[in-house]
Amino acid sequence: MSGALKDAIRVERPAKTLRELALDKVREAIVNGYFRPGDRLVERDLCAQLGVSRTVVREVLRHLESEGLVANLPNKGPIVAQLDIEEAKQIYEIRGALEGMAARLCAERRSPEIVAALEESLAGIRNSYRDKDMSAVLTNTSSFYQTLFTMVDRNVAWGVVNLLTVRINHLRSMTIKTERRGIEGPLQMSKIVDAIRRGDGEGAYRAAMDHVAAASAIAEGVLSAKKPSE
């Protein structure tokens, strides 16, 4: 059989499995607030909503529990995990330390390519805020920080951030919707880019830390305002 014929009848594997697609959908529903903290995640209902088997749903819930988005409570079953203020503070502390380091290194690299990539992501963030597309805000924000780490070869640090990305995005999904965040957030990030463009390592570090501190304060305020029943 010729190589061309073999290729013609080859069954292509889907880019993502059904389990991965279901996982993406439920994770997105939690991050975007469709499922709110404290909501019960009933297997039967999820099967109907997702159009998948109970086995797939159980695998998805176990995975989300490992990510900290789902909690399995005795006599109640899986619920959307309540966001904890102290845990949020620790996440922002880690973000600040790592992002400040990466911003400093980017400035010291003095690379026009880094600046151009950061500006592209920042433009995407501004456009997404303008279009009120919060999902795109999160995507472009993640792209901004991926550039910050990977273009100075801090892949281990980026790996650590990635482990926290789901919880970080859960917090971002709240902070980006607060009043004036669509103006102040990009403005703070532009100060990081400006310092990197100047080659000002200390300035880039401080701008990154200030941005994270502002986000942390907003998240703390939002979480404090939530009722325990939520």
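Residues numbered from 1 in each chain as written. Predicted model: local features only at pLDDT ≥ 70, side-chain atom pairs only at ≥ 80, totals over all residues. Heavy atoms only, no water.

Q: Got a minute to help me understand the overall build of the protein in this structure?
A: Each helix and strand in the protein was counted, giving 10 helices and two strands. By its C-alpha atoms, the protein is 65 × 55 × 35 Å across when sized along the principal axes. When burial is assessed residue by residue, the protein has 43% of its 230 residues classed as buried. For the protein, contacts bridging at least 24 residues in sequence account for 74% of all contacts bridging at least 6. Counting every atom, the protein has about 12600 Å² of accessible surface; 52% of that belongs to carbon and sulfur. Within the protein, one finds 34 positive and 31 negative side-chain charges whose respective centroids are separated by 3 Å. (Helix = DSSP H or I, 4+ residues; strand = E, 2+ residues; numbered from the N terminus. Buried < 20%, exposed > 50% of the residue type's maximum accessible area, 1.4 Å probe, protein only. Contact = heavy atoms within 4.5 Å. Areas by Shrake-Rupley, 256 points an atom, 1.4 Å probe, with all protein chains shown as cover. Lys, Arg positive; Asp, Glu negative; His and termini not counted. Charge placed at Lys NZ, Arg CZ, Asp CG, Glu CD.)

Q: Help me understand the pattern of salt bridges in this model?
A: Side chains that differ in sign of charge can pair as their charged atoms come close. Inspection of every chain in the model, using the stated rule, returns 14 salt bridges. Where Arg58 meets Glu43, a salt bridge forms, and the shortest distance between an N and an O atom there is 3.0 Å. Placement of Arg58 in helix α4 (residues 54–67) and of Glu43 in helix α3 (residues 43–50) is noted, with a sequence separation of 15 residues between them. Accessibility expressed as a relative area gives 40% for Arg58, which makes it partly exposed. A relative accessible area of 21% means that Glu43 is categorised as partly exposed. Residue Lys89 pairs with Glu220 through a salt bridge whose shortest N-O separation is 3.8 Å. With Lys89 in helix α5 (residues 85–109) and Glu220 in helix α10 (residues 201–225), the pair connects residues that are 131 residues apart, well separated along the chain. Owing to a relative accessible area of 34%, Glu220 belongs among the partly exposed residues under this scheme. (Salt bridge = Lys/Arg side-chain N within 4 Å of Asp/Glu carboxyl O.)

Q: Explain a nonpolar patch on the surface to me, please; I cannot follow it from the model alone.
A: A surface patch of nonpolar side chains, about 260 Å² in accessible area, is lined by Ile94, Val156 and Val160. Here Val160 lies in helix α8 (residues 155–175). (Patch = residues over 30% accessible without salt bridge, like charges linked within 9 Å, V, L, I, M, F, W, Y side chains within 5 Å.)

Q: How do you make sense of the packing of aromatic side chains when you look at a structure like this?
A: A ring pair, where both rings are aromatic, is described by two values, the distance of the centres and the angle of the planes. For the coordinates displayed, the defined rule picks out three aromatic pairs. The ring of Tyr145 has Arg95 lying over it, and the distance from NZ or CZ to the ring centre is 5.4 Å. Directly above the ring of Tyr205 sits Arg104, whose terminal nitrogen or CZ lies 4.6 Å from the centroid. (Phe/Tyr/Trp six-rings, centres within 6.5 Å; stacked < 30°, edge-to-face > 60°. Lys NZ or Arg CZ within 6 Å of the ring centre and 35° of its normal.)

Q: What am I meant to see in the domain arrangement of the protein here?
A: Often the size quoted for an interface is simply the accessible area lost on bringing the parts together. Domain assignment breaks the protein into domain 1 (14–80) and domain 2 (85–225). Domain 1 puts seven residues into the contact, and the matching count from domain 2 is seven residues. For the domain 1 and domain 2 pair, buried surface summed over both sides reaches about 680 Å², with 61% attributable to carbon and sulfur atoms. For the domain 1 face of the interface with domain 2, the top three residues by lost area are Val31, Asn32 and Glu67, together amounting to 57%. Our enumeration of links across domain 1 and domain 2 arrives at zero residue pairs in polar contact (both at pLDDT 80 or more). Sorting elements by how many residues they give to the side of domain 1 that touches domain 2 places helix α2 (residues 18–31) first, with three residues. (Domains from an automatic or database assignment. Buried area = accessible area lost by both parts, 1.4 Å probe. Polar contact = N/O pair within 3.5 Å; in protein donor to acceptor, adjacent residues only side chain to side chain.)

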